[in-house]
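Structure assessment
One-letter residues, chain by chain:
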Amino acid sequence: MAIKKIEPIVEVQPAEEKKTTELVLVTKKVKTPQLLRGFHDVLGEDQIYWDAIHRKVRELAYAYSFDRIELPILEPVELFVRSVGKQTDIVEKEMFQFQDQSGANVVMRPEATASTARAYIEHGMVDRPQPVKMFYDGPMFRYDRPQAGRYRQFHQFGFEAFGSDEAIIDAQLILIAERFFRELGIPVAVQVNSIGTTETRAEYKVELATYYRQHRNVICEDCKRRLTRNPMRVLDCKEDGCRAVSVNAPQIIDWLDEPSKEHFMRVLEYLDEVEVHYQLAPHLVRGLDYYTRTVFEIVPEVADDKSTADSSTADELGKAGISGGQSALGGGGRYDGLVELLGGRPTPACGFAVGIERTVSALKGRQIKPEGSKHRDVFLAQLGDVARRKGLALFEAFRAEGIPVAEAFGKSALKAQLELADKYQTKYTLILGQKEVLEGTIIVRDMESGVQETVDMNKVIGIIKKKLTE
């Protein structure tokens, strides 16, 4: 009897419906953060101008015995309300002010003279030999209407002298400001005036307000308000209509007290002695309340008696949105009442500040390209990992000897490195490959003639030193 094999019963489940889940990756485009309106980056190609400016500032500060002071960016709001003036544009509408976590009212400094005066008082500098002379540089902040060349964060350097009312201090500060631009190659003119003391300005303000009220239909709305609060502010207005009216306005020099007249004459005599060419500017008042007696501005040199700025500089400043009454590169004056106003002892003082961005525009306008501090006469090229390691040590050896060397360790192709050496206009290129490392040598190429020689690597620093001094 045949035995039939019994197959196990296998329960077959109905085929499960295959589910396909499609993973869809939704890539959301991330918006790149942008600069805040009115702020700007200073890129590498512009640093050559900034470096030249800072070098000249330090050189002049050392020559005239000014010590550097670093000032904080945040200050109490009250500092500028009391010093700059409650009714100035800066305080009324341009300050970056807010409450910090403790509830204190603070402001990002709109200018640095008040900060320097605060430091003079707070650190007891009145007990030091007078005058106390300080210089600073750094960013300032004003919530102004941004235009090309006018920023909400801008940079200034300044020189301030506390503790002397002698006219020679005014003259020397004007001299430093003028020499700064001249020595950078920027022809400038000094515009100078005296606005007397707070007490002697009262009668002049009445006369000035009377004159401007006759032209209310021409002047701007801001100046109409200024007439009732601080009439001298209208002379500083940059609107075309207001500037036209100011031409025939009363001149403050006719209301000066005798001590202010004598002080001003001495300032001019000192300027004559050192051959600083200046122009009397009878309507120059500056824009801040703390100024007394001498005030001055530095502007691009005039081409004729019509106060037309040098064309190349004026064109560049014009492209940067700086024209007409805004063409001043810097300015300052005496502020004899500021320290006392801030709670210190009566202390005469004088100073000036210069806009760095405007100075850069003036340099570019005259096509002045300062010699770069990054210039290198020697370039180190390497080929291969072994040469790169050896080259790193050789670079440090050159640096220790005070010889600046350019390199491109991030590039491996020799051709690309040589092209970069040519772009840098280096005089000599050192070429190090695996063969040279094994032999303890290095190739020195004269980039002008193309002639190259192989030298002992241990002697290459001395060889380069000699070549650079020949």
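Residues numbered from 1 in each chain as written. Predicted model: local features only at pLDDT ≥ 70, side-chain atom pairs only at ≥ 80, totals over all residues. Heavy atoms only, no water.

What the protein contains, in helices and strands, is 16 helices and 16 strands. Every one of the 470 residues in the protein was classed for burial, and the buried ones make up 47%. For the protein, contacts bridging at least 24 residues in sequence account for 73% of all contacts bridging at least 6. Split by element, the accessible area of the protein, about 26200 Å² in all, is 50% carbon and sulfur. (Helix = DSSP H or I, 4+ residues; strand = E, 2+ residues; numbered from the N terminus. Buried < 20%, exposed > 50% of the residue type's maximum accessible area, 1.4 Å probe, protein only. Contact = heavy atoms within 4.5 Å. Areas by Shrake-Rupley, 256 points an atom, 1.4 Å probe, with all protein chains shown as cover.)

Right, let's talk about a negative patch on the surface for a bit. On the surface, Glu 269, Asp 272, Glu 273 and Glu 275 cluster together into a negatively charged patch. Note that Asp 272 resides in helix H9 (residues 258-273). (Patch = residues over 30% accessible without salt bridge, like charges linked within 9 Å, V, L, I, M, F, W, Y side chains within 5 Å. Salt bridge = Lys/Arg side-chain N within 4 Å of Asp/Glu carboxyl O. Lys, Arg positive; Asp, Glu negative; His and termini not counted. Charge placed at Lys NZ, Arg CZ, Asp CG, Glu CD.)

Among the residues of helix H16 (residues 460-469), Val 460, Ile 461 and Ile 464 are the ones counted as buried. Viewed along the axis of H16, the buried residues span an arc of 100 degrees, placing them on a single side of the element. Exposed residues on H16 whose side chains face more than 90 degrees from its buried face are Lys 466 and Thr 469. Against strand S12 (378-382), helix H13 (385-400), strand S14 (428-432), strand S15 (441-446) and strand S16 (452-456) lie the buried residues of H16. (Arc of directions from axis to C-beta.)

When the terminal C-alpha atoms of helix H5 (residues 167-184) are compared, their 26 Å separation across 18 residues agrees well with the 26 Å that a helix rising 1.5 Å per residue should span. With 13 of its 18 residues buried, H5 lies for the most part within the structure. In the stretch just after H5, Gly 185 is the one whose phi turns positive, near 95 degrees. (Expected span 1.5 Å × (residues − 1).)

Once that is clear, we can look at the pairing of strand S4 (residues 105-108). As paired strands, strand S2 (residues 74-76) and S4 are joined by three bridges and run antiparallel to one another. By the bridge assignment, Glu 75 is partnered in S4 with Val 107. For strand S3 (residues 96-99) and S4, the ladder comprises four bridges, and the chain directions are antiparallel. For Phe 98, the partnering residue across the bridge sits in S4 and is Val 106. (Pairing = 2+ DSSP bridges.)

Before going further, it helps to examine the sheet that holds S4. Adjacent strands of a sheet form backbone hydrogen bonds with each other and so pair up, either parallel or antiparallel. With respect to topology, three strands assemble into an open sheet ordered S2-S4-S3, the strand pairing being antiparallel. Looking along the sheet, the strands with just one partner apiece sit at the ends: S2 and S3. Going across the sheet, the axis of each strand differs from the next one's by a mean of 35 degrees, ignoring polarity. (Axes fitted to C-alpha atoms, helices over the stretch in contact; angles between N-to-C directions.)

The next thing to look at is the nonpolar core. Counting residues in each nonpolar core, the largest one holds 53 residues, and the members touching the most others are Phe 162, Leu 208 and Tyr 212. Not counting residues within four places of it along the chain, the set of residues in contact with Phe 162 comprises Thr 116, Ala 117, Tyr 120, Gln 130, Pro 131, Val 132, Met 134, Tyr 335, Val 339, Thr 347, Pro 348 and Ala 349. With 44 residues, the next largest nonpolar core counts Ala 171, Val 354, Val 360 and Leu 363 among its residues. (Core = buried A, V, L, I, M, F, W, Y, C linked by side-chain atoms within 4.5 Å.)

Here the protein shows a mean pLDDT of 85. Residues at 70 or above account for 87%. Here helix H10 (residues 311-319) stands out as the least confident element of the protein, with mean pLDDT 45; strand S1 (residues 67-68) is the most confident, with 97. Per-residue pLDDT stays below 50 along residues 1-12; that stretch engages in zero contacts with residues further than four places along the chain or on separate chains. When the criterion is pLDDT under 50, residues 304-325 qualifies, and its contacts beyond four places in sequence or with other chains add up to 41 contacts. (pLDDT = per-residue confidence, 0-100.)

A separate point is the side chain of Asn 193. In this fold, Asn 193 is placed in strand S7 (residues 188-194). Among the residues examined, Asn 193 registers a relative accessible area of 3% and is labelled buried. A polar side-chain atom of Asn 193 sits 3.3 Å from the main-chain carbonyl oxygen of Ala 281. Reaching out from Asn 193, the side chain makes a polar contact with the backbone oxygen of Leu 284 at a distance of 2.9 Å. With residues up to four places along the chain from it excluded, the contact list for Asn 193 reads Ile 252, Phe 264, Ala 281, Pro 282, His 283, Leu 284, Arg 293, Thr 294 and Val 295. (Polar contact = N/O pair within 3.5 Å; in protein donor to acceptor, adjacent residues only side chain to side chain.)

A separate point is a nonpolar patch on the surface. Taken together, the side chains of Ile 73, Leu 74 and Phe 98 define a hydrophobic patch exposed on the protein surface, amounting to about 250 Å² of accessible area. One can find Leu 74 in strand S2.

Strand order in the open sheet formed by eight strands is S1-S5-S6-S11-S10-S9-S7-S8, with mixed pairing between adjacent strands. Lying at the two open borders of the sheet, with one neighbouring strand each, are S1 and strand S8 (278-280). Note that strand S6 (residues 153-162) and strand S11 (residues 349-355) share seven bridges and pair antiparallel. From the neighbouring strand, Phe 157 faces S11, where its bridge partner is Val 354. Docked against the sheet, H5 engages strand S5 (132-141), S6, S7, strand S9 (292-300), strand S10 (330-334) and S11, running at close to 15 degrees with respect to S11.

A few words on the side chain of Thr 426. One can find Thr 426 in the loop between helix H14 (414-423) and S14. From its side chain, Thr 426 meets the backbone oxygen of Ala 421 in a polar contact 3.1 Å long. Discounting residues that sit within four places of it in the chain, Thr 426 has contacts with Arg 376, Asp 377, Val 378, Phe 379, Ala 421 and Met 447.

We now examine the environment of Pro 370. Residue position: Pro 370 is located in the loop between helix H12 (356-365) and S12. With a relative accessible area of 14%, Pro 370 lands in the buried category. Linking Pro 370 and Gly 185, residues 185 residues apart in sequence, is a C-alpha distance of 9.6 Å. Residue contacts for Pro 370: discarding those within four places in its chain leaves Ile 48, Tyr 49 and Ala 52.

For the structure shown, the criterion picks out 18 aromatic pairs. For the ring pair Phe 395 and Phe 409, a centre distance of 6.2 Å and an interplane angle of 75 degrees mean the geometry is edge-to-face. Here Phe 409 lies in the loop between strand S13 (405-407) and H14 and Phe 395 lies in helix H13, a separation of 14 residues in the sequence. Taken together, the aromatic side chains of Phe 66, Phe 135, Phe 157, Phe 159, Phe 180, Phe 181, Phe 296 and Phe 352 make up a single cluster linked through ring pairs. Against the face of Tyr 143 rests Arg 152, its NZ or CZ located 3.8 Å from the ring centre. (Phe/Tyr/Trp six-rings, centres within 6.5 Å; stacked < 30°, edge-to-face > 60°. Lys NZ or Arg CZ within 6 Å of the ring centre and 35° of its normal.)

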